[in-house]
Amino acid sequence: MDFQTKLLDVAKALSRDEVKALTFLCTDLLGKNPNMVESVSDLFSRLADQDRLSPEQPQLLTELLLIIQRRRLVRELNLCDLHSSTISPYRKLLYDLSEEITNDTLRDMKFLLNKDLSRRKLEENVTTLEVFLEMEQKDLINDTDLTSLETIFKSVCPMLNEHINRYKATLEPRPGIIAQEVGRARSQSCSSKRPKISQCERGSSLDVPNELNPPLSNRGTENKSTISLVKSDALEIPPHELKAPPDEQPPLTTTNTNSEGVGTYPMTRSKRGVCVIINNHNFSHSTVPLKVREGTMVDEKSLKDVFEWLGFEVQIHRDTDKQRMVSALWELGMADHSEMDCVVCCVLSHGLEGGVYGVDGNVVKIRELTEPFNGKNCPTLIGKPKLLFIQACQGNNSQRAVNIEEDSRVFDPHISDFTAAKESIPSGADYLLGMATVPSFVSFRQRDKGTWYIQSLCQNLIDLVPRGEDLVTILTKVNADVSQKIVHDGQKKQMPQPAFSLRKKVVFPIPQTPPPSLLH
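Residues numbered from 1 in each chain as written. Predicted model: local features only at pLDDT ≥ 70, side-chain atom pairs only at ≥ 80, totals over all residues. Heavy atoms only, no water.

## Examining the sheet that holds strand 5 (residues 355-357)
Here comes step 1: As summarised here, the arrangement of the three strands in space is 4-5-6, forming an open sheet in which the pairing is antiparallel. Looking along the sheet, the strands with just one partner apiece sit at the ends: strand 4 (351-352) and strand 6 (363-365).
Here comes step 2: Bridge count between strand 5 and strand 6: three bridges; the pairing is antiparallel. What sits directly across from Val356, in strand 6, is Val364. (Pairing = 2+ DSSP bridges. Helix = DSSP H or I, 4+ residues; strand = E, 2+ residues; numbered from the N terminus.)

As structure tokens, then:
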């Protein structure tokens with residue numbers, strides 16, 4: 001199906017109100033009164049004339065349809081190619097508000113605007129979006145001043161101001177990132193080198209991209225032995241580099257300096273949130289040689305059972321290529337999370353330095369996984385925890401129990417997952433990124449029992465959530481447990497790594513139902 005045919009199908013599928021909504025969302029792009037747009041075809045033509053919509057650039061169409069909740073249409077037309085956001089957060093805010101405003105509320109708004117807008121603009125048939133446009137033209141509201149609207153909402157529907165408060169938070173400076181990195185030094189800059197793919201990646205599962213952690217300023221070279229007759233692309237970290245110099249460790253800062261201590265994120269909304277599990281198992285059609293990830297279905301079931309027990313709505317995406325993986329997360333980011341406490345994303349796949357593999361062999365960078373949930377793209381998650389867990393190696397070295405010669409291969413039933421990490425700590429506040437291992441090293445997966453990291457994470461959530469422990473404490477226990485495991489050759493070990501920019505503790509409410517039983 002060519003692009004023009006897709007545009008025609010979209011035009012046929014949309015209602016008149018939806019066309020008006022798309023036109024409103026494109027107000028800033030059109031540079032003129034959207035009321036001058038006569039039809040959706042006219043809208044698409046104007047956008048095409050500005051080189052904003054074309055077969056090579058279909059992202060805007062995808063974004064617009066996702067904003068108005070036409071996800072099924074996006075899937076049917078195979079428009080899943082959204083990698084960035086074009087529509088401004090301000091324009092999205094006004095559209096979201098219009099969806100929440102009832103006819104009675106709109107009538108009350110028009111009554112309060114009687115002295116500010118002409119009577120013709122306040123007639124019965126004038127929609128909420130048209131009222132917003134008129135308020136903009138009268139300079140009553142703009143992207144940095146919504147005081148008039150807040151005053152009106154305070155009288156007619158105070159809860160609507162919660163949307164505005166979340167939007168305003170995106171305009172404020174963000175707190176600095178706080179990173180907890182285990183066994184790795186930090187540098188002050190991030191490498192721009194293109195990641196290399198080693199042969200070790202091809203026999204392993206997913207590793208943490210260097211996006212999560214800036215590279216070492218001076219990486220050691222004394223341990224260069226590799227796994228499974230493979231040349232190493234990631235070098236082992238010498239002991240003297242395991243701790244960052246004091247001047248490279250950012251201080252833990254908080255806006256509250258009194259004795260009340262660290263607060264706790266609220267977990268009181270009607271829904272805990274959505275937990276997305278991306279589970280890539282079969283790589284038979286990959287453009288690079290990558291093996292089937294035996295054991296990953298065990299991890300998927302454990303994650304599903306545990307997060308459903310914790311009150312999450314679990315969505316599973318299996319064997320996703322790069323496009324489907326990114327689009328699934330953008331679709332989740334574009335959803336309304338107003339009534340949810342947080343969001344969780346678990347990725348199980350092969351990987352390499354700086355990213356994870358889709359089953360087609362194309363790489364998704366870690367920042368592409370986190371970007372859909374930042375304050376700009378998902379205002380309804382501002383101030384809420386965004387939790388990502390990635391089962392992945394961060395290199396092709398094995399952490400060793402003693403300093404002896406590297407074995408010639410990875411012994412079954414343990415299989416390594418390869419990926420290295422660079423720039424992987426997400427930008428913005430309220431993120432937690434749990435990685436299966438520290439940079440430059442592999443993580444392990446057992447064919448019949450799943451991965452060390454995911455199984456330990458799930459078991460410790462079951463054990464420690466009922467005790468009221470916070471998530472960082474739970475991940476510290478995961479570190480302790482996984483670090484004690486060892487491959488039966490007696491030499492290879494693993495150490496997970498959490499990195500976070502949380503400003504409060506994440507404490508899940510204690511479930512009222514019995515916990516699930518994990519396969520051991």
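## Some thoughts on the pairing of strand 1 (residues 271-279)
Here comes step 1: Along strand 1, eight of the nine residues are buried, which leaves the element largely enclosed by surrounding structure.
Here comes step 2: Here strand 1 pairs with strand 3 (residues 340-348) via eight bridges, running parallel. Looking across to strand 3, one finds that Val274 is bridged to Val343.
Here comes step 3: Pairing of strand 1 with strand 2 (residues 312-318), which is carried by seven bridges, proceeds in the parallel orientation. Opposite Ile278, over in strand 2, you have His317 as the bridge partner.
Here comes step 4: Since strand 1 and strand 2 lie parallel, the crossover through helix 12 (residues 296-309) that links them has a hand, and here it is right-handed. (Buried < 20%, exposed > 50% of the residue type's maximum accessible area, 1.4 Å probe, protein only. Right-handed = clockwise from strand over helix to strand, strands pointing away.)

## Some words on the environment of Lys365
Here comes step 1: Among the secondary structure elements, Lys365 is positioned in strand 6.
Here comes step 2: Here the alpha-carbon distance between Lys365 and Val326, two residues 39 residues apart in the chain, equals 9.7 Å.

## Looking at the packing of aromatic side chains
Here comes step 1: Using the criterion set out here, one finds four aromatic pairs in the structure.
Here comes step 2: Aromatic side chains Tyr90 and Tyr167 sit 6.4 Å apart centroid to centroid with 45° between the ring planes, which places their arrangement in the tilted category. With Tyr90 in helix 7 (residues 89-100) and Tyr167 in helix 11 (residues 161-170), the pair connects residues that are 77 residues apart, well separated along the chain.
Here comes step 3: The exposure class assigned to Tyr167 is buried, which follows from its relative accessible area of 4%.
Here comes step 4: Relative to Phe389, the ring of Phe307 lies with its centre 6.4 Å away and its plane at 40°, an arrangement referred to as tilted. One end of the pair, Phe307, is in helix 12; the other, Phe389, is in strand 7 (residues 386-391), and 82 residues separate them in sequence. The burial state of Phe307 is the same as that of Phe389; both residues are buried.
Here comes step 5: Each residue in the set Phe307, Phe312, Phe389 and Phe508 is aromatic and connected to the rest through ring pairs, giving one cluster.
Here comes step 6: Positioned above the aromatic ring of Phe24, the side-chain terminus of Arg91 is 5.0 Å from the ring centre. (Phe/Tyr/Trp six-rings, centres within 6.5 Å; stacked < 30°, edge-to-face > 60°. Lys NZ or Arg CZ within 6 Å of the ring centre and 35° of its normal.)

## Considering the pairing of strand 3
Here comes step 1: For strand 3, the tally of buried residues reaches nine of nine residues, placing the bulk of the element in the interior.
Here comes step 2: In terms of strand pairing, strand 3 meets strand 7 through six bridges, oriented parallel. Following the sheet pairing, Cys345 is matched in strand 7 by Leu388.

## Here we look at the nonpolar core
Here comes step 1: Phe132, Met135, Leu149 and Leu369 are the most contacted members of the largest nonpolar core, which has 84 residues in total.
Here comes step 2: Phe132 has contacts with Phe24, Leu94, Leu97, Ser98, Ile101, Met109, Ile141 and Leu149, leaving out every residue within four places of it along the chain.
Here comes step 3: Grouped together as the second largest cluster of nonpolar side chains are 37 residues, Phe307, Tyr453, Leu461 and Leu502 included. (Core = buried A, V, L, I, M, F, W, Y, C linked by side-chain atoms within 4.5 Å. Contact = heavy atoms within 4.5 Å.)

## A short note on the pattern of salt bridges
Here comes step 1: Scanning the model with the defined rule gives 19 salt bridges in all.
Here comes step 2: Of the charged contacts, one joins Arg91 and Glu136 as a salt bridge, the two residues approaching to 2.9 Å between their closest N and O atoms. Separated by 45 residues along the polypeptide, Arg91 in helix 7 and Glu136 in helix 9 (residues 128-137) bring together distant segments of the chain. Each member of the pair, Arg91 together with Glu136, is buried.
Here comes step 3: Residues Asp341 and Arg269 are paired through a salt bridge, measuring 3.6 Å at the closest nitrogen-oxygen approach. In this pair, Asp341 is assigned in strand 3 and Arg269 in the loop between helix 11 and strand 1, connecting sequence segments 72 residues apart.
Here comes step 4: By sharing partners, the salt bridges in this structure join Asp28, Arg91 and Glu136 into a single network. (Salt bridge = Lys/Arg side-chain N within 4 Å of Asp/Glu carboxyl O.)

## Describing unusual backbone geometry
As a rule of thumb, non-glycine residues mostly have phi less than zero, and peptide bonds are mostly trans rather than cis.
Here comes step 1: One non-glycine residue with positive phi stands out, namely Gln69, at about 65°.
Here comes step 2: Position of Gln69 among the secondary structure elements: in the loop between helix 5 (59-67) and helix 6 (71-76).
Here comes step 3: The phi dihedral of Asp319 falls on the positive side, at around 50°, and the residue is not glycine.
Here comes step 4: Considering the arrangement of structural elements, one finds Asp319 in the loop between strand 2 and helix 13 (322-334).
Here comes step 5: For Asp319, a relative accessible area of 28% gives the class partly exposed.

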